[in-house]
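Chain by chain, the residues run as shown.
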Amino acid sequence: MENSGVLGGRGHTTMTEYSLAAPGIADYFKFGFVRNPWERLVSAYFFFLNMPKDYWMYQDNEKIIAVVRSYASFSEFAIKLSEACLWPHARVFWPQSTLLCLPSGEIGVDFVGRHEQLDQDWKRVCRKLDVKEDVPLPRDNLSRHEHYSRYYGSKERDCVAKLYESDLRLFGYDWLS
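Position numbers for residues start from 1 in each chain and track the written sequence from start to end. Totals for whole chains, interfaces and linings use all residues, but because this is a predicted model, local features are given only for residues with pLDDT of at least 70 and pairs of side-chain atoms are given and counted only at 80 or more. Each side-chain value is worked out from all heavy atoms of the structure, with water and hydrogens disregarded.

Caption draft 1: Layout of a nonpolar patch on the surface. On the surface, a cluster of nonpolar side chains totalling about 280 Å² of accessible area is made up of Phe31, Leu129, Val131 and Val135. Within the secondary structure layout, Val131 lies in the loop between α6 (118-128) and α7 (154-163). Patch building starts from residues that exceed 30% relative accessible area and form no salt bridge, then joins like charges within 9 Å and nonpolar side chains (Val, Leu, Ile, Met, Phe, Trp, Tyr) within 5 Å. Reported accessibility uses the Shrake-Rupley method at a 1.4 Å probe radius. Residues are deemed covered only where the shown protein chains occlude them. The term salt bridge refers to a side-chain nitrogen of Lys or Arg lying within 4 Å of a carboxyl oxygen of Asp or Glu. Helix and strand definitions follow DSSP, with helices as H or I runs of at least four residues and strands as E runs of at least two, each counted in order from the N terminus.

Caption draft 2: Focus on the nonpolar core. Residues Leu41, Phe48, Phe74, Phe77, Phe93 and Tyr152 are the most contacted members of the largest nonpolar core, which totals 36 residues. Sorting the residues of this core by element identifies α2 (37-49), α3 (62-69), α4 (74-81), α7 and α8 (165-171) as the ones contributing at least two each. Per element, the largest residue contribution to this core is eight residues, and it comes from α2. Here, the term nonpolar core denotes a set of buried Ala, Val, Leu, Ile, Met, Phe, Trp, Tyr and Cys residues that are joined through side-chain atoms within 4.5 Å. Burial classes: relative accessible area under 20% of the type maximum marks a residue as buried, over 50% as exposed, and values in between as partly exposed (1.4 Å probe, protein chains only).

Caption draft 3: Spatial organisation of the pattern of salt bridges. Counted according to the given criterion, the structure contains five salt bridges. In this structure, Glu39 engages Arg35 in a salt bridge whose closest nitrogen and oxygen atoms are separated by 3.6 Å. For Arg35, a relative accessible area of 17% puts it in the buried group. Between Arg114 and Glu116 there is a salt bridge whose closest N-O contact spans 4.0 Å. For Arg114, a relative accessible area of 22% translates into the label partly exposed.

Caption draft 4: Expanded view of the pairing of strand β1 (residues 31-34). Burial along β1 is one-sided: the residues Gly32 and Val34 are buried and none of Phe31 and Phe33 is. One requirement defines pairing of two strands: DSSP has to find at least two bridges between them. In the sheet, β1 pairs with strand β2 (residues 111-114) via four bridges, with the strands oriented parallel. Paired with Val34 across the strands is Arg114, a residue of β2.

The values reported here are purely geometric and, on their own, carry no functional implication.
The following block contains the structure:
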């Protein structure tokens, strides 16, 4: 089940929700990780497309899985997603800026790591928290696919750029970054 704003639920709680539920959160070191939006969308698409029924997350995500599987291709999915107002019930497709920013538009975390340098940035977080750097970072919810650029034509690329414009601007991503 997607986290519906109740802290302690699974995944994708916004910084706004954290700030409202835990007023003292400003005193803590907060961090988040972002990913190239084009790569992130390919990964999420294939994750849901290929999720087996016995996977622990399947039942909680049946609606998302059904919608993803209803499209004939990633191309159709990427184009239609931009018309779907980001599916309010599917936070996994929300812009990362929506998750990490406060209503003022300010980034609500102290450190933004990048998926593209995950190990290096994870070590920075561990150092900041005074945690041994060899604490492993679990690699869950992996999807198998080719390099994201192989799934996009110019129309799909432009639709995703428009959809995730705030992520591109705020986190400095471009097509092949």
